[in-house]
Amino acid sequence: MPEETVHQYLQKQGVSRRDFLKICGALVGALGLTRMPPFDESGLPGNLKHTSVKPIDMVRHALETKPRLPVIWLEFQDCAGCSEALTRSHSPTLVNLVLNSITVEYHETLSAAAGFQVEEAKQAAMKKYAGQYILVVEGSIPEGDGYCTIGGKSALDLLKEAAAGAAAIIATGNCASFGGIPKARPNPTNAKGVWEIITDKPIVNIPGCPAIPEAFTGTLANFLIFGSLPELDGLRRPKTFYGNTIHDRCLRRPFYEAGKFAESFDDEGARQGWCLYKLGCKGPTTYNACATIKWDAGLSFPVQSGHPCLGCSEPNFWDGGGFYQGQSAPLNRPAVTVVGAAAAAGIVAGAAMGAANQSQKKSAARKSKKQKDA
Amino acid sequence: MNWNAFLEFVRGPLFQVSLLVFVAGMLYRLVRVLMLGWSRDNVPSKGSKGGGVVKSFLKSILIWPFIPWVKRTFSKNPVIYLAGGLFHLALLVVLILGTAHMLVWKSLLGFGWATLPLPMVDWMAAVGIAAMVALLIHRLVNPVMRLISGPSEWANWTLVFLPMVSGYMLTHHMFFRYEVLFSIHMLVVDILLIWIPLSRISHFIFYFFARTIHGVEFGKRAVNP
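Along each chain, the written sequence defines residue order, and numbers are assigned to residues from 1. By the order in which they are written, chains take letters starting at A while ligands take numbers starting at 1. For a predicted model such as this one, the threshold for reporting local features is a pLDDT of at least 70, and the threshold for listing and counting side-chain atom pairs is 80 or more; totals across whole chains, interfaces and linings nevertheless cover every residue.

### Details of the pairing of strand β1 (residues 69-75) of chain A
Residues and elements named next belong to chain A. Taken across its 7 residues, β1 has 6 buried, putting it largely inside the fold. The pairing of β1 with strand β2 (residues 102-107) spans 5 bridges and is parallel. Looking at β2, one finds that Trp-73 is bridged to His-107. DSSP-based pairing: two strands are paired if at least 2 bridges between them are found. Put simply, DSSP H or I for four residues or longer makes a helix, DSSP E for two residues or longer makes a strand, and each gets a number counted from the N terminus. Across 5 bridges, the pairing between β1 and strand β3 (residues 134-138) is parallel. By the bridge assignment, Val-71 is partnered in β3 with Ile-134. Every C-beta atom is placed from the backbone, and the number of other C-beta atoms within 10 Å of a residue's own sets its class: buried at 20 or more, exposed at 12 or fewer, partly exposed in between.

### Some details on the interface of chain A and chain B
Taken together, the 35 residues of chain A in the interface contact 34 residues of chain B. Partitioned by chemical class, the residues of the side of chain A that touches chain B number 17 nonpolar, 15 polar and 3 charged. For the purpose of contact definition, each residue receives a C-beta atom placed from its backbone, and two residues are in contact when these atoms lie within 7 Å. Three categories are distinguished: nonpolar for Ala, Val, Leu, Ile, Met, Phe, Trp, Tyr, Cys and Pro, charged for Asp, Glu, Lys and Arg, and polar for the others, with Gly belonging to the last.

### As for unusual backbone geometry
All names here are of chain A. Cis geometry marks the peptide bond from Arg-185 to Pro-186; its omega dihedral reads 5°. Looking at the element boundaries, Pro-186 is found in the loop between α8 (173-178) and β8 (191-192). For the bond from Cys-209 to Pro-210, the omega torsion is 0°, close enough to zero to count as cis. Along the chain, Pro-210 turns up in the loop between β9 (203-206) and α9 (213-226). With a phi close to 65°, Ala-80 is a non-glycine residue in the positive phi region. If you trace the backbone, Ala-80 turns up in the loop between β1 and α4 (81-87). Phi angles above zero are rare outside glycine, and Asn-316 is one such case at about 55°. Checked against the element boundaries, Asn-316 lands in the loop between α13 (290-293) and α14 (336-373). When the 17 C-beta atoms within 10 Å are taken as the criterion, Asn-316 is described as partly exposed.

### Digging into the domain arrangement of chain A
It is common to give the size of an interface as the accessible area lost on bringing the parts into contact. Residues and elements named next belong to chain A. Bear in mind that the domain bounds are from an automatic or database domain assignment. Split by domain assignment, chain A resolves into domain 1 (67-242) and domain 2 (247-319). A C-alpha centroid distance of 28 Å is found between domain 1 and domain 2. Domain 1 puts 16 residues into the contact, and the matching count from domain 2 is 14 residues. In terms of residue class, the side of domain 1 that touches domain 2 is made up of 9 nonpolar, 4 polar and 3 charged.

What follows is the structure, encoded as structure tokens:
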């Protein structure tokens with residue numbers, strides 16, 4: 001018997017045809033499918049190649065023909081915040097649809113089972129779906145020995161084992177993408193992001209702290225529908241969600257342009273909703289979709305709620321200078337002793353050269369006096 | 001290339017190194033100048049040297065820059081007078097009264113101050129850039145200026161102009177992404193900081209020494225053999 005398709009599964013769940021098409025439309029919108037992606041990867045019948053196919057038909061066709069996507073979710077040095085954000089996401093259409101369209105075969109936080117049983121289930125899933133499953137990684141991977149072991153295996157081995165049979169890897173959150181907080185100086189566990197360790201698999205980074213659930217599910221949906229990863233930027237982030245900076249789409253941007261800045265968190269400027277640049281906002285260099293998708297069903301996002309952006313979707317944001325220090329300021333100021341040493345070096349060198357110069361002058365003067373006297 | 005990583009480098013370690021080179025270099029130059037000492041007075045002076053210095057400072061800071069007809073500075077060379085003056089004014093306003101720059105001072109010194117609204121600073125920056133362009137044209141066109149312009153003069157102009165123009169583009173998000181322009185701005189500033197002690201841009205300190213020496217000479221009332 002062929003595997004149950006997404007559509008069949010949804011039908012069983014009581015989703016009507018009408019609702020199913022609505023969901024397809026919502027997906028098209030959420031993925032920003034304004035133009036057709038490459039046809040060959042879409043999985044559509046070849047006879048449609050030269051006809052005008054709407055994105056929604058493509059989505060519908062994919063959901064009607066493809067089985068649910070198996071997902072194995074590993075957690076390493078993380079806080080489970082990305083999982084929490086995903087499971088508590090308030091945008092029912094997209095997130096629920098995608099979560100309904102996948103089968104999470106293994107998830108350390110969400111699994112009801114525990115211990116050896118769940119590890120065995122993981123092994124079985126990895127065998128059954130070899131080469132098909134999506135590996136989701138949450139948390140950074142320590143390269144140092146003795147950190148973060150599960151069932152007696154190190155995080156590094158677990159990742160390599162699971163990555164070997166994965167169709168693609170999604171690194172969710174800043175930790176799995178770029179090392180995140182565990183990688184902050186002095187990085188005691190020698191933490192690394194997934195793409196620094198696995199190099200032979202397609203990897204998508206969904207950085208953020210936590211990752212925006214819609215960005216994660218959107219990427220998953222992209223894989224589900226087209227069988228391929230979305231278009232990525234230089235840091236392997238999907239361009240759909242990481243194409244603009246927070247600053248570019250910020251609701252406080254007009255105040256930046258007008259030069260109206262909040263000076264502290266409780267002054268008149270803060271109350272008026274002025275720009276938070278002086279309070280350390282990293283929006284201008286942070287690429288993420290917070291300002292457009294927002295959080296909690298579009299309710300708000302940090303800058304809207306009055307807190308400057310920390311830059312959590314960028315590598316090394318934790319070491320990127322003070323959170324409340326304006327972005328124009330240098331990352332860190334040199335220690336007073338170092339400045340003092342440099343100053344002393346300059347003064348001593350100057351004095352030495354000056355003294356040498358003076359003694360040379362004096363001896364030259366003596367010489368010329370002698371010559372005159374003689 | 002990951003511009004954010006590059007930005008981290010030019011805002012972090014490179015800036016620190018540049019700053020240290022700048023501090024050491026300027027102090028080296030300062031000590032060298034101070035150790036030159038005063039020229040010997042062979043004849044006792046009847047005039048007041050201190051008075052001469054005070055007068056010299058008053059004239060060169062308050063009168064000559066602002067009242068052009070005293071030394072006919074404007075009619076002698078309107079480009080130098082207007083563009084040069086506006087450039088220096090713009091530089092001071094942008095570097096000290098601009099919000100982004102004040103935050104740099106604040107992070108280095110530990111205290112900040114009130115700044116001008118962005119649009120005002122912005123206009124001053126535009127004026128400064130235009131003045132720099134005028135000065136460049138003058139330098140290219142005027143035969144005397146061309147004669148006294150060597151590689152270091154062209155380097156001076158370039159290294160001052162690039163931070164101004166990249167800073168302006170940065171504030172307005174022109175043509176390139178923010179972190180790209182920010183990186184370029186910081187990179188040129190880092191190079192400039194190293195360049196200043198080696199170049200005549202150091203006149204922002206030695207100008208006052210020159211005025212002092214002149215004041216002393218003018219204050220003297222004696223026959224110098």
